[in-house]
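Residue-level structure breakdown
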Amino acid sequence: MAQSGKHLANAAPPEDADELPFDLPPAGRPQVPAESAGSPPVSNDDDPPFDLPPAHPARQSISARALQGAAPATTPTPYLDGLNPEQRAAVEALDGPVLVLAGAGTGKTRVLTTRIAHILATHRAFPGQVLSVTFTNKAAREMKERVGLLVGGAVEGMPWLGTFHSIGVKILRRHAELVGLKSGFTILDTDDQIRLLKQVIEVEGLDKDRWPARQLAGLIDGWKNRGLVPEKVPAGEAFGFAAGKGAQLYAAYQRRLKELNACDFGDLLLENIRLFADHPDVLADYQRRFRYILVDEYQDTNVAQYLWLRLLAQGSPNICCVGDDDQSIYGWRGAEVDNILRFEKDFPGARVIRLERNYRSTGHILGAAAGLISANQGRLGKTLFTDGEHGTKVTVTAVWDDEEEARSIGDDIEAMQKRSNQPLNEVAILVRASFQMRAFEDRFITLGLPYRVIGGPRFYERQEIKDAIAYLEITANPANDLKFERVVNVPKRGLGDTSVKRVHELGRARSIPMYQAAQLIVETEELPGKARKSLTDLLASFERWRGHIRHMKHTELAELILDESGYTAMWQADKSPQAQSRLENLKELVRFMHEFESLEGFLEHVSLVMDVDQAGDGQRVSLMTLHGAKGLEFEVVYLPGWEEGLFPHQRSLDESGQAGLEEERRLAYVGLTRAKRIAKVSFAQNRRNRGLYQSALPSRFVDELPEAHVEVAEAKMPFGGAYQNFGGTFGRAGYGRSRFDEAEPFEGHYDTPGWQRAQERTREQPTKWNPADQRKKRGPQTIEGELVASSSEQASYKRGERVTHQKFGTGTVTDVDGNKLTIEFDEAGRKRVVDSFVDRA
DNA sequence: AGGCGAGGACGTCTT
DNA sequence: GTCCTCGCCT
């Protein structure tokens, strides 16, 4: 932040803060608007002819009276009904800076949307004068919908409701020339970025193996997140990469971007900041325009976003940031919790409103979460409460290993389903790291328990989708070199590296796009006959397709392009198992394009949105990372893997120490507060990770849960039957107790001495052993026993055999691995299944 | 051009 | 242990 002092100096008035005439009214009453003192007077010239902000006293008194509930406002405000007093205060405190500390499940989105509705309904601003930013497209979409419900069509006139990036693009397109771009600039995705960085690294004469482009991309992203242009990169940091060439490479990369008329994601904001800093007139224009600024998830803003907001907020003190410092979990990607902690200093006279009434979770769940998070030091402090019932306590379960964990949770879900018809859509398993998902997937497949993985590979990140989009992009915009390089030889058409390189060099030499260079080169003898021919054909195809843009429906054109380019045929000819789903994805892409007016409209969307909504069809258990779960809620939440090293993650502790630990703790807090009714924590004593089977200690977070809200549940233990001395009730039928009879009992106690013992015991024998060896000796023979028992009845299967599965139907065995089969099911697709669950067809 | 072996990563992820 | 990428070999 300090490094960007230049921007800051222009941007925000912290220095003159004291001089600002923020007359703080007594607490609990709306603030007198700050007719900006230091900043230029706000001009209303271009504004519509109704009385607009800043509010004058008469208006002020209305909201003040409304707040006290004394008298109805002159404007009918039915949308305020049903808000609790704090929410209502947050909606009505329209003047001056406001920070809404909205705890989990306290109605944050409702406040934001109602606030917008209130601004519009009271005619304080036109829809076009409200700037409302979110992080994700999903959040923006939801907000737009909900505002739409409140104010009707007016939301259509809210061009400035969107993500930081989409608003950044919109502004940048209007003023591109001022920062050395042309308005039609393209936005690079991560792939393009890496490809370009590779080139830059090579051009600088560096060994691209020693200095991977990926790492440089990470560094540059980090710098951009912090608002640092190449000249401002601290020397020490640039030193780590390529012996001090980091900043130089960054600068070279930025030059290349300009040559290509392109931006990466970071630039969308950084170039905005540069634009505002270098062109105060442009900035002033936007400052005048945005009378009200609203920011969602403020705790996730990074420095660049913060600077951008600061610049814009200078024109109007009416900035409202909503966030929860306890849910700041993106520090590793540049988010600065500090932004929210410092809000009152940044925006002097800020009013802070806490939303602490939780509408989501039961008392015990809130109590457990609150107790846990209270161990964090750097907090603004909030205490969630609910008027609802206490509900059931959060359970803590110790299990033997990750397989056992998956098994017990799977069984538990099935039991719950049987017992109380628990809808699976309301059940989620939240893991710290995605590798944990595997055990659950394996288990759920064998159980036939339907599940969905959220946050898997993104639609737009799939190879076939990127290729298809590259074709479409070049058709619309031939100057996109990176996309051109991507598909010039996909499918293979005899244009090898050498030919592509020649085109590339000609383009660079003449400073023209590769497409144009290609057009020139085919007129010469430079390329071998075959390459020349196929390049000529390809260019002709692109010209032809481009000719169709105006006359043909864009979806039909897309189909035509995929067809004529041979791209579809390439996958049809591919015999790999994924080829079919790739073709499906291509169809899905075309289907999705129907939602857009034109090819250009679609492409603009795609460059900013990295995903499409997953169709939430059918009843399924959700499996996702804790990060992915933010903002969601479920009746029942399982929180497995609470072990030291995994959660809190060792790397987080190593790299960020105390701050890292606190972020992990916030992650735990986010996890717990996703649960409405039931939360179940578990930890394994042994976990397989990277092929190693390692003993593990319970996470410190387990012990930080307040006893009053926690119950230790009895778990099925291969080595001990169950924890003793605990009357947990969630044992179930299933595996015969007898198989564990001979196993040594494991004594576990939740109360401190017992846990200490348990922990000591594990500590004494830090075993690292290979499960394969283990099976041969003693140890978890039971596991082996189970596998053998269930599979011994039939001989193992061979590849190519037809089998049936009670849930998945008929399929063909494509791979055999011990007693685990990989089966390509006719209906259900490819699954891994234990052989005892199938029969020969 | 395709296939296979070596080598590296293997924490969370949005735009 | 397993997945992915890269480069070299066929």
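Residues numbered from 1 in each chain as written. Chains lettered and ligands numbered in written order. Predicted model: local features only at pLDDT ≥ 70, side-chain atom pairs only at ≥ 80, totals over all residues. Heavy atoms only, no water.

The line we're drawing: UniProt positions are given in the numbering used here, feature names are shortened, and annotations may be inferred rather than shown by experiment.
Per an unreviewed UniProt entry, chain A goes by the name DNA 3'-5' helicase and belongs to Hyphomicrobium album. Under the Sequence similarities (unreviewed entry) heading, UniProt states for chain A: "Belongs to the helicase family. UvrD subfamily." Under the Function (unreviewed entry) heading, UniProt states for chain A: "Has both ATPase and helicase activities. Unwinds DNA duplexes with 3' to 5' polarity with respect to the bound strand and initiates unwinding most effectively when a single-stranded region is present. Involved in the post-incision events of nucleotide excision repair and methyl-directed mismatch repair."

**Examining the side chain of Thr-106**
To keep things clear, this is the line we draw: Every helix listed is a DSSP run of H or I at least four residues long, and every strand listed is a run of E at least two residues long, numbered separately from the N terminus. Accessible area is worked out with a 1.4 Å probe on protein chains only. A residue is then buried under 20% of its type maximum, exposed over 50%, and partly exposed in between. Polar contact criterion, stated in full: a pair of N or O atoms within 3.5 Å, where within protein one must be able to donate a hydrogen and the other to accept it, and residues adjacent in sequence count only if both atoms are side-chain atoms. Only heavy atoms matter for contacts: two residues are in contact if any of them lie within 4.5 Å across the pair.
Mapped onto the fold, Thr-106 is located in the loop between strand 1 (98-102) and helix 4 (108-121). For Thr-106, a relative accessible area of 0% puts it in the buried group. At 2.7 Å, the side chain of Thr-106 and the backbone oxygen of Gly-103 are in polar contact. Excluding residues within four positions of it along the chain, Thr-106 makes contact with Gln-87, Leu-355, Glu-356, Arg-357, Asn-358, Tyr-359 and Leu-384.

**Digging into the protein's contact with DNA strand C**
Stated precisely, the cut-off is as follows: Residues are classed as near a molecule or strand on a simple rule: at least one heavy atom within 4 Å of it.
Taken together, Lys-198, Lys-208, Asp-209, Arg-438, Arg-690 and Gly-691 make up the full set of residues near DNA strand C. Take the atoms of DNA strand C that sit within 4 Å of the protein: sugar and phosphate atoms are 46% of them. Lys-198 places a polar side-chain atom, nitrogen or oxygen, 3.4 Å from a phosphate oxygen of DNA strand C. Here a phosphate oxygen of DNA strand C sits 3.2 Å away from a polar atom, N or O, in the side chain of Arg-438.

**Focus: the UniProt feature "binding site: ATP" (unreviewed entry) in chain A**
Per the UniProt record, the feature "binding site: ATP" (unreviewed entry) sits at Ala-102, Gly-103, Ala-104, Gly-105, Thr-106, Gly-107, Lys-108 and Thr-109. Mapped onto the elements, Gly-103 comes out in the loop between strand 1 and helix 4. The class of Gly-103 is buried, set by a relative accessible area of 4%. In this structure, Gly-103 is in contact with Asp-324, Gln-327, Leu-355, Lys-382 and Leu-384, ignoring residues within four places of it in sequence. Tracing the backbone through its elements, the reader meets Thr-109 in helix 4. Excluding residues within four positions of it along the chain, Thr-109 makes contact with Glu-142 and Arg-146.

**Quick look at the packing of aromatic side chains**
The criterion, for reference: Ring pairs shown here join Phe, Tyr and Trp side chains whose ring centres sit within 6.5 Å, with only the six-membered ring taken for Trp; geometry is labelled stacked below 30 degrees between planes, edge-to-face above 60, and tilted in between. By definition, being over a ring means that NZ of Lys or CZ of Arg is both within 6 Å of the ring centre and within 35 degrees of the ring normal.
Considering all chains together, one arrives at 26 aromatic pairs under this definition. Between the NZ or CZ atom of Lys-170 and the centre of the ring of Trp-160, over which it lies, the distance is 5.3 Å. Note that Arg-342 overlies the ring of Tyr-306, its terminal NZ or CZ placed 4.9 Å from the centroid.

**Regarding the packing of helix 23 (residues 529-548) against helix 24 (residues 554-564)**
Each pair of packed helices can be described by the angle between their axes along with the distance between the axes. Rules: Axes here mean lines fitted to C-alpha atoms, for a helix over just the part in contact, with angles spanning 0 to 180 degrees between N-to-C directions. To sort the angles, those under 35 degrees are grouped as roughly parallel, those over 145 as roughly antiparallel, those from 65 to 115 as roughly perpendicular, and the leftovers as oblique. Each residue gets one label: Ala, Val, Leu, Ile, Met, Phe, Trp, Tyr, Cys and Pro are nonpolar, Asp, Glu, Lys and Arg are charged, and the others, such as Gly, are polar.
Viewed as axis vectors pointing N to C, helix 23 and helix 24 meet at an angle of 170 degrees, and their least axial separation amounts to 10 Å. When the axes of helix 23 and helix 24 are compared, the pair comes out roughly antiparallel. Of helix 24, the residues touching helix 23 (which contributes Arg-544, Trp-545 and His-548) are Leu-557, Leu-560, Ile-561 and Glu-564. Looking at the contact of helix 23 with helix 24, its residues break down into four nonpolar, one polar and two charged.

**With respect to the packing of helix 19 (residues 463-476) against helix 23**
Helix 23 packs onto helix 19 with a crossing angle of 75 degrees between their chain directions and a minimal axis gap of 8 Å. The angle between helix 19 and helix 23 places the two elements in the roughly perpendicular class. Touching Tyr-471, Ile-474 and Thr-475 of helix 19 are Phe-542, Trp-545 and Arg-546, all from helix 23. Counted by class, the contact of helix 19 with helix 23 contains four nonpolar, one polar and one charged residues.

**Some points on the pattern of salt bridges**
Where we set the bar: Here, a salt bridge means any Lys or Arg side-chain nitrogen found within 4 Å of an Asp or Glu carboxyl oxygen.
What the rule picks out here adds up to 52 salt bridges. Among the ionic pairs, Arg-146 bridges to Glu-142, the shortest N-O distance being 3.1 Å. Highlighted residues: Arg-146 and Glu-142, both in helix 5 (residues 137-151), separated by four residues, approximately one helical turn. On the basis of relative accessibility, which here comes to 28%, the residue Arg-146 falls in the partly exposed class. Among the charged side chains, a network of salt bridges with common partners joins Arg-360, Glu-426, Glu-633, Glu-635, Lys-676 and Arg-677.

**Here's the deal with the nonpolar core**
Rule in force here: What is meant by a nonpolar core is a set of buried Ala, Val, Leu, Ile, Met, Phe, Trp, Tyr and Cys residues, joined one to another through side-chain atoms within 4.5 Å.
Among the nonpolar cores identified, the biggest contains 49 residues, and Tyr-460, Leu-472, Leu-535, Leu-589 and Phe-602 are the most heavily contacted of them. If near-sequence neighbours (up to four positions away) are discounted, Leu-472 is found in contact with Ala-558, Ile-561, Met-593, Leu-599, Phe-602 and Leu-603. Of all hydrophobic cores here, the second largest spans 47 residues; its members include Phe-164, Leu-275, Ile-340 and Phe-343.

**Considerations on the sheet that holds strand 2 (residues 130-134)**
By definition, the strands of a sheet pair up through backbone hydrogen bonds, in either a parallel or an antiparallel sense. For clarity, the cut-off: Here a strand pair is declared whenever DSSP counts at least two bridges between the two strands.
Taken together, the six strands give an open sheet; going across it, the order is 3-2-6-7-1-8, and neighbouring strands pair in parallel fashion. Among the strands making up the open sheet, the edge pair consists of strand 3 (161-163) and strand 8 (351-355). Within this sheet the neighbouring strands show an average axis-to-axis angle of 15 degrees, counted without direction. When strand 1 meets strand 7 (residues 319-323), the two strands line up parallel, connected through four bridges. Along strand 7, the bridge assignment pairs Leu-99 with Cys-321. Packing against the sheet, helix 3 (residues 85-92) makes contact with strand 1 and strand 8, and its axis sits at approximately 145 degrees to strand 8. Lying over the sheet, helix 4 contacts strand 1, strand 2, strand 3, strand 6 (292-295), strand 7 and strand 8, oriented at roughly 170 degrees with respect to strand 6.

**Focus on the protein's contact with DNA strand B**
Among the 24 residues in the neighbourhood of DNA strand B, the closest are listed as Asn-137, Ser-434, Arg-458, Thr-625 and Glu-655. Within 4 Å of the protein, atoms of DNA strand B come from sugar and phosphate in 60% of cases. At a separation of 3.4 Å, a sugar or linking oxygen of DNA strand B approaches a polar side-chain atom of Arg-333. Here Glu-655 contributes a side-chain N or O atom positioned 2.7 Å from a base oxygen of DNA strand B.

**Quick word on helix 26 (residues 579-593)**
Test applied: Expected helix span is given by 1.5 Å per residue-to-residue step, counting one fewer step than there are residues.
In this model, helix 26 (15 residues) spans 21 Å end to end at C-alpha, consistent with the 21 Å of a helix rising 1.5 Å per residue. Every buried residue belonging to helix 26 is among Ala-579, Arg-582, Leu-583, Asn-585, Leu-586, Leu-589, Val-590, Phe-592 and Met-593, and all of these are buried. Packing partners of the buried residues in helix 26 comprise helix 19, helix 24, helix 25 (567-573) and helix 27 (599-608).

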